Amino acid sequence: MTVQEYRVDAETRAALGRVAVFMGGDSAERAVSLKSGEAVLRALQSAGVDAFAVDVRGCLLETVKAPDFDRVFIALHGRGGEDGTLQAILSQAGIPYTGSEVMASALAMDKLRTKYVFAGCGLPTPGFRVMASIDDADTVAQALTFPLSVKPSREGSSIGIRKVRDRDELAAAYLAACEHDSLVLVEEWIEGPEFTVSVLQGRALPAIGLSTDHEFYDYDAKYLAGDTQYRIPCGLSPESELALQHLAVEAFQVVGCRTWGRVDIMQDREGEFWLLEVNTSPGMTDHSLVPMAARAAGISFEELVVKILQDTLEERGA
């Protein structure tokens, strides 16, 4: 679908005022966030928005001491910027910001608690357990069916994730995940294709099917590899893609997210879909999936970031 050049009108530009694009941060996803932030900044400026960059480091409270901006586009990923901490500070200061609010941001950042919500709402998600120590390896191995995915519960960009096939690998993967987070999630590995569905202002964008020669869609496949395949159309029948999109929107809503985000989903060999996680501040780099899905829907990158930003003009609770 062809996308058109996009510019805001004078009224919208005035309403948005001066926009700070928060990027960087101190999380393990800093490098990706800087790329996302630069892309967002260029797009906003290209669309005619008065925007500038802020590399957020150190004490987050410093960002609201004497703000010289009217609202914030959050392009931060990971802890500090995506987990509700920054959202709480901006809310308390009365500064509008993009994306989900405090509770949804905190919940979605924690994969374990997100899965509790999915399970409690009757949504399909792979079987899982939490490991609090290496002594839990035997109990987890008995409760779940190998292969398993071991991941830090509160990291993104597939950082620290390992696929394991037996109890010994499980123990080693747990120790590796602990380098990133004290809370480690173990879930059953779904063998089959992976899909991601972007949600924008309450509706699902075209689903993307993911293929990689890596064992799974890891950090390298996401940001570095040149051979990762992105399928749009995703390869499903129209009926299956519609079901996938409905599931993604439902997951987005039960977590309490707003404006925009991305839902990652696996399909097993029987064709059933399984929810993995919800991302409330997804990547916006040249490899990123939300801009890719938007283009497939005829939405340019400039229009996409302006749509996300315009939702900050609506009143919202803390």
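Calculation rules
Residues numbered from 1 in each chain as written. Predicted model: local features only at pLDDT ≥ 70, side-chain atom pairs only at ≥ 80, totals over all residues. Heavy atoms only, no water. Helix = DSSP H or I, 4+ residues; strand = E, 2+ residues; numbered from the N terminus. Rg over C-alpha atoms; globule rule 2.2 N^0.38 Å. Buried < 20%, exposed > 50% of the residue type's maximum accessible area, 1.4 Å probe, protein only. Contact = heavy atoms within 4.5 Å. Areas by Shrake-Rupley, 256 points an atom, 1.4 Å probe, with all protein chains shown as cover. Lys, Arg positive; Asp, Glu negative; His and termini not counted. Charge placed at Lys NZ, Arg CZ, Asp CG, Glu CD. Pairing = 2+ DSSP bridges. Axes fitted to C-alpha atoms, helices over the stretch in contact; angles between N-to-C directions. Phe/Tyr/Trp six-rings, centres within 6.5 Å; stacked < 30°, edge-to-face > 60°. Lys NZ or Arg CZ within 6 Å of the ring centre and 35° of its normal. Core = buried A, V, L, I, M, F, W, Y, C linked by side-chain atoms within 4.5 Å. Parallel < 35°, antiparallel > 145°, perpendicular 65-115°, else oblique. Left-handed = near helix turned anticlockwise from the far one by under 90°. Salt bridge = Lys/Arg side-chain N within 4 Å of Asp/Glu carboxyl O.

A. Geometry of the overall build of the protein. A tally of helices and strands in the protein yields 11 helices and 13 strands. The globule rule puts the C-alpha radius of gyration for 318 residues at 20 Å, and the 19 Å found for the protein is close to it. C-alpha extents for the protein along the principal axes are approximately 60 × 45 × 35 Å. Relative to its full complement of 318 residues, the protein shows a buried share of 57%. Residue pairs in contact within the protein that sit at least 24 positions apart in sequence constitute 70% of those at least 6 positions apart. By element, 48% of the accessible surface of the protein is carried by carbon and sulfur atoms, the whole surface being about 13,500 Å². In the protein, which carries 29 positive and 47 negative side-chain charges, the distance between the mean positions of the two groups comes to 3 Å.

B. Spatial organisation of the pairing of strand β8 (residues 194-200). In terms of residue burial, β8 counts as a mostly covered element, since 7 of its 7 residues are buried. Burial along β8 is two-sided: E194, T196, S198 and L200 and F195, V197 and V199, pointing in opposite directions, are all buried. Looking at chain direction, β8 and strand β10 (residues 208-211) are connected through 3 bridges and run antiparallel. Bridge assignment links E194 to a residue of β10, and that residue is L210. Of the pairings in the sheet, the one linking β8 to strand β12 (residues 260-267) comprises 7 bridges and is antiparallel in character. From the neighbouring strand, V199 faces β12, where its bridge partner is G261.

C. Inspection of the pairing of β10 at higher detail. Pairing between β10 and strand β11 (residues 229-231): 3 bridges, direction antiparallel. Bridge pairing in β11 links L210 to Y230.

D. Helix α3 (residues 85-93), seen in detail. Looking only at α3, the buried set comprises L86, Q87, I89, L90 and S91. Against the buried residues of α3 lie β1 (18-24), β3 (71-74) and α4 (102-109). Phi turns positive one or two residues past the end of α3, at G94, with a value near 75°.

E. The sheet that holds β3, seen in detail. The 3 strands are arranged β2-β1-β3 in an open sheet whose pairing can be described as parallel. The sheet terminates laterally at β2 (50-56) and β3, the two strands that pair on one side only. Pairs of neighbouring strands in the sheet enclose a mean axial angle of 30°, with direction left out of account. Pairing geometry for β1 and β2, over 7 bridges, is parallel.

F. How the structure looks around the packing of aromatic side chains. Scanning the entire structure with this criterion turns up 5 aromatic pairs. Look at F73 and W260: their rings are 6.4 Å apart centre to centre, the planes differ by 55°, and that puts the pair in the tilted class. Linking F73 in strand β3 with W260 in strand β12, this pair joins segments that are 187 residues apart in sequence. We classify W260 as buried; its relative accessible area is 2%. Above the ring of F52, the side-chain terminus of R18 is found at 4.0 Å from the ring centroid.

G. Examining the nonpolar core more closely. Membership of the largest hydrophobic core comes to 33 residues, with the highest contact counts inside it found for V21, L44, V49, F73, M284 and L304. Elements that contribute at least two residues to this core include exactly β1, α2 (30-46), β10, α10 (289-296) and α11 (301-310). No other element matches α11, which puts 6 residues into this core. Those residues in contact with L44 that sit more than four places away from it in its chain are V19, V21, V49, A51, F73, V305, V306 and L309. Membership of the second largest hydrophobic core comes to 25 residues, among which are F195, V255, C257 and L275.

H. Here's a closer look at the packing of α4 against helix α5 (residues 111-120). It is the contact of α4 with α5, at a shortest axis distance of 5 Å, that shows an interaxial angle of 105°. The pairing of α4 with α5 is recorded here as roughly perpendicular in orientation. Facing α4, whose interface residues are L107, A108 and M109, α5 presents K111, R113, T114 and V117.

I. Expanded view of the packing of α5 against helix α9 (residues 238-255). Two elements in contact, α5 and α9, have axes whose closest approach is 10 Å; the angle formed by their N-to-C orientations is 110°. Between α5 and α9, the crossing angle belongs to the class labelled roughly perpendicular. The handedness of the crossing between α5 and α9 is right-handed. Contacts between α5 and α9 pair T114, V117 and F118 from the former with A251, V254 and V255 from the latter.

J. Local environment of the pattern of salt bridges. Here the structure, examined in full by the defined rule, presents 12 salt bridges. Of the charged contacts in the structure, one is a salt bridge between E191 and K163, with a shortest N-O distance of 3.3 Å. Here E191, found in the loop between β7 (184-188) and β8, pairs with K163, found in strand β6 (residues 162-164); they are 28 residues apart in sequence, far enough to count as distant. The exposure class of K163 is buried, given its relative accessible area of 15%.

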